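Coordinate analysis (summary)
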Amino acid sequence: MKKNKIALPFPKGKEYNIIQGYNGKFTYNTIFSQYAIDFNLNIGDTITSADNGYVVGVVEDYKDYGTSKKWRDNDKSNYITIYHPNSGLYTQYVHLNHKGALVKLGDYVLKGQPIGIAGMTGFTTTPHLHFNVKIPSDKNGLISTDIEFENGIKGKDLKKKDRVN
Ligand SMILES: [Zn+2]
């Protein structure tokens, strides 16, 4: 599959730090999350769609967060999943605020469109946006995949404390 050039998952003109890049030690050591990136969005900040697509997952009823094994094994994060027909990619936006979804299942959204409000729900120590891009696999369902952004930033080059816009 060709590398799809996607937009950063927050509004143009905004700038955020990387909290964790690929294969981060805290959470990113499985095929389901190894290419996820954490951006330091604060509670209330706007999350935007990385590309045109259909909303295929919305969870927004959770309120709490935690860092214990219980939370890791049974993550109660709010999130949105969008399917992008042009590339076959799925993008996931995780740890949204309680009732932080601005879209509903089945909606068609455009690249850059606001879709959610950042928060601090689920398995996390700090408010942030956990951004994970996935592709279907034969045996394991959706697995995490390497990404490039349209502004030339490569996911693999992003390291903790880098600033991106
Ligand atoms: Zn994360």
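Structure: see above.
Keep in mind the model is a prediction, meaning the values are calculated, not measured. (Residues numbered from 1 in each chain as written. Predicted model: local features only at pLDDT ≥ 70, side-chain atom pairs only at ≥ 80, totals over all residues.)

Let us now look at the overall build of the protein. Counting its secondary structure elements, the protein contains one helix and 16 strands. Taking 165 residues into account, the globule formula puts the C-alpha radius of gyration at 15 Å, and the protein, at 14 Å, falls close to it. In terms of principal-axis extent, the alpha carbons of the protein reach across some 40 × 40 × 30 Å. Taken across its 165 residues, the protein has 38% of its residues classed as buried. (Helix = DSSP H or I, 4+ residues; strand = E, 2+ residues; numbered from the N terminus. Rg over C-alpha atoms; globule rule 2.2 N^0.38 Å. Buried ≥ 20, exposed ≤ 12 C-beta atoms within 10 Å, placed from the backbone.)

This part is about the environment of Asn151. Within the secondary structure, Asn151 sits in the loop between strand S15 (148-149) and strand S16 (163-164). By C-beta crowding, Asn151 is classed as exposed, having 11 other C-beta atoms within 10 Å. Put simply, Asn151 and His130 are 21 residues apart on the chain and 20 Å apart in space, counted from C-alpha to C-alpha.

With that settled, consider the sheet that holds strand S9 (residues 96-101). Taking strand neighbours across the sheet as the criterion, the three strands line up as S4-S11-S9 in an open arrangement whose pairing is antiparallel. Lying at the two open borders of the sheet, with one neighbouring strand each, are strand S4 (46-48) and S9. Going across the sheet, the axis of each strand differs from the next one's by a mean of 35°, ignoring polarity. Relative to strand S11 (residues 114-118), S4 runs antiparallel, the two being bridged by three bridges. From the neighbouring strand, Thr48 faces S11, where its bridge partner is Pro114. (Pairing = 2+ DSSP bridges. Axes fitted to C-alpha atoms, helices over the stretch in contact; angles between N-to-C directions.)

As paired elements, strand S2 (residues 16-20) and S16 share two bridges and run antiparallel to each other. The partner of Asn17 across the bridge, within S16, is Arg163. Two strands pair when backbone bridges link them, and S2 and strand S3 (residues 37-39) are joined in this way by two bridges, in the antiparallel orientation. Within the sheet, the bridge partner assigned to Ile18 lies in S3 and is Phe39.

As a further point, take the nonpolar core. Among the nonpolar cores identified, the biggest contains 31 residues, and Phe39, Leu41, Ile47, Ile80, Tyr93, Leu96 and Leu129 are the most heavily contacted of them. For this core, the secondary structure elements donating two or more residues are S2, S3, strand S5 (53-59), strand S7 (79-84), strand S8 (89-94), S9, S11 and strand S13 (129-137). Beyond its immediate chain neighbours, meaning those up to four positions away, Ile47 contacts Pro9, Phe10, Leu41, Tyr93, Ile115, Gly116, Ile117, Ala118 and Leu129. (Core = buried A, V, L, I, M, F, W, Y, C linked by C-beta atoms within 7 Å. Contact = placed C-beta atoms within 7 Å.)

In terms of strand pairing, S5 meets strand S10 (residues 108-109) through two bridges, oriented antiparallel. When the bridges of S10 are listed, Gly53 appears paired with Val109. Pairing analysis gives five bridges linking S5 to S7, with the strands arranged antiparallel. Residue Gly57 lies in a different strand from S7, and its bridge partner there is Thr81.

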